[in-house]
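Okay, here's what each chain looks like letter by letter:
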Amino acid sequence: MGEQVAKVADQIGFQIAIQDDRPQWADPDRYPKNSQIFDAIPMAIAHLADQSQLYAALVTRGYSYDLAALTALIQRPIPCIYIGMIGSEQRIRQVYQSLKKAGISPQYLQSIFAPIGLDIGALTPAEIAVSIAAELIWVRRGGSGRPLRDHIPEQHKPSV
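The structure displayed is predicted, hence computed values, not measured ones.

Thoughts on the nonpolar core
Then step 1. The biggest cluster of nonpolar side chains holds 22 residues, and the ones touching the most others in it are Leu70, Leu73, Ile83 and Leu99.
Then step 2. Contributions of two or more residues to this core are made by helix H2 (41–47), strand E3 (55–58), helix H3 (63–74), strand E4 (82–85) and helix H4 (89–101).
Then step 3. Among the elements that take part in this core, H3 stands out by supplying six residues, more than any other.
Then step 4. Each residue touching Leu73, except ones within four places of it in the same chain, is listed here: Ile45, Leu54, Ala56, Leu58, Cys80, Ile83 and Tyr108.
Then step 5. Core analysis: the second largest hydrophobic core is formed by 13 residues, Ala9, Phe14, Ile132 and Leu136 among them.

Side note on the pattern of salt bridges
Think of it this way: side chains of opposite charge can pair up when their charged atoms draw near.
Then step 1. Evaluated as defined, the whole model comprises eight salt bridges.
Then step 2. For Arg93, the salt bridge identified is with Glu89, shortest N-O distance 3.3 Å. Placement of the pair is Arg93 and Glu89 together in helix H4, with a separation of four residues, close to one helical turn.
Then step 3. On the basis of relative accessible area, Glu89 is assigned to the exposed category, the value being 61%.
Then step 4. A salt bridge links Arg146 to Asp150, with the shortest nitrogen-to-oxygen separation between them at 4.0 Å.
Then step 5. Bridged by salt links that share partners, the residues Asp20, Asp21, Arg22 and Arg61 form one connected network.

Observations concerning the packing of aromatic side chains
We describe a pair of aromatic rings using the distance from one ring centre to the other and the angle between the two ring planes.
Then step 1. Scanning all chains against the criterion turns up four aromatic pairs.
Then step 2. Their ring planes at 90 degrees and their centres at 6.1 Å tell us that Phe113 and Trp138 sit as a pair that is edge-to-face. With a gap of 25 residues between them, Phe113 in the loop between helix H5 (106–110) and helix H6 (125–141) and Trp138 in helix H6 connect regions that are remote in the sequence.
Then step 3. Through successive ring pairs, a cluster of aromatic residues spans Phe14, Tyr55, Tyr82, Phe113 and Trp138.

Quick notes on the environment of Leu58
Then step 1. Relative to the helices and strands, Leu58 is located in strand E3.
Then step 2. In this structure Leu58 comes out as buried when scored by relative accessible area, which is 8%.
Then step 3. Taking the C-alpha atoms as reference, Leu58 lies 23 Å from Ser144; in sequence the two are 86 residues apart.
Then step 4. For Leu58, the contacting residues outside a window of four places in its chain are Asp66, Ala69, Leu70, Leu73, Ile83, Gly84, Met85 and Ile86.

A few points about the packing of helix H1 (residues 2–11) against H6
Then step 1. Running from N to C, H1 and H6 point in directions that differ by 45 degrees, and their axes come no closer than 8 Å. Comparing the axis directions of H1 and H6 gives the class oblique. Here H1 and H6 pass one another in a crossing that is right-handed. Counting all contacts with H1, which are made through Gln4, Val5 and Val8, the residues of H6 involved are Pro125, Ala126, Ala129, Val130, Ile132 and Ala133.
Then step 2. Across the contact of H1 with H6, the residue classes tally to eight nonpolar, one polar and no charged.

Here's the deal with the environment of Pro79
Then step 1. Along the chain, Pro79 falls in the loop between H3 and E4.
Then step 2. According to the relative accessible area criterion, Pro79 is exposed, its value standing at 59%.
Then step 3. Distance from Pro79 to Gln90, taken between C-alpha atoms, is 26 Å for residues 11 residues apart in sequence.

Focus on the side chain of Glu3
Then step 1. Along the chain, Glu3 falls in helix H1.
Then step 2. Taking relative accessible area as the criterion, Glu3 reaches 17% and is therefore assigned buried.
Then step 3. Of note is the side chain of Glu3, whose polar atom sits 3.0 Å from the side chain of Arg30.
Then step 4. Those residues within four positions of Glu3 in sequence are excluded, and the remaining contacts are Trp25, Arg30 and Tyr31.

Calculation criteria
- Residues numbered from 1 in each chain as written.
- Predicted model: local features only at pLDDT ≥ 70, side-chain atom pairs only at ≥ 80, totals over all residues.
- Heavy atoms only, no water.
- Core = buried A, V, L, I, M, F, W, Y, C linked by side-chain atoms within 4.5 Å.
- Buried < 20%, exposed > 50% of the residue type's maximum accessible area, 1.4 Å probe, protein only.
- Helix = DSSP H or I, 4+ residues; strand = E, 2+ residues; numbered from the N terminus.
- Contact = heavy atoms within 4.5 Å.
- Salt bridge = Lys/Arg side-chain N within 4 Å of Asp/Glu carboxyl O.
- Phe/Tyr/Trp six-rings, centres within 6.5 Å; stacked < 30°, edge-to-face > 60°.
- Axes fitted to C-alpha atoms, helices over the stretch in contact; angles between N-to-C directions.
- Parallel < 35°, antiparallel > 145°, perpendicular 65-115°, else oblique.
- Left-handed = near helix turned anticlockwise from the far one by under 90°.
- Nonpolar A, V, L, I, M, F, W, Y, C, P; charged D, E, K, R; others polar.
- Polar contact = N/O pair within 3.5 Å; in protein donor to acceptor, adjacent residues only side chain to side chain.

Here it is in structure tokens:
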């Protein structure tokens with residue numbers, strides 16, 4: 001999933017940083033040309049510490065990775081513009097409960113986009129990547145997320 005998200009996000013103008021501790025997944029050939037690849041969460045967070053416009057899309061392989069990444073992102077001196085996390089309702093609830101136990105405010109948790117992406121009926125990894133990219137654009141540009149046809153006043157819509 002991360003590979004598809006990286007490709008779509010690169011196409012819409014985001015600089016890409018990947019973190020994966022598995023060599024086969026941290027292969028530069030899998031990602032857009034100028035992607036930065038890190039094998040450890042602390043290394044990635046340290047490298048991105050000064051980024052004032054950080055959008056973080058967590059498409060990890062499990063609860064413990066989500067928890068480690070979120071904990072590190074929350075502790076950044078510069079808040080992220082966007083943090084999104086993929087996962088089932090159960091997984092998200094589990095991560096949130098652990099963060100609450102660690103003293104993270106519920107108000108902060110409400111700012112996390114979880115599950116990540118806009119509801120466009122996406123099923124395949126590529127479609128889900130488009131859904132996530134759409135949400136990134138929505139946050140970056142401040143759109144409504146509604147169909148464009150909804151913005152046309154009734155009197156200007158063609159009659160059918």
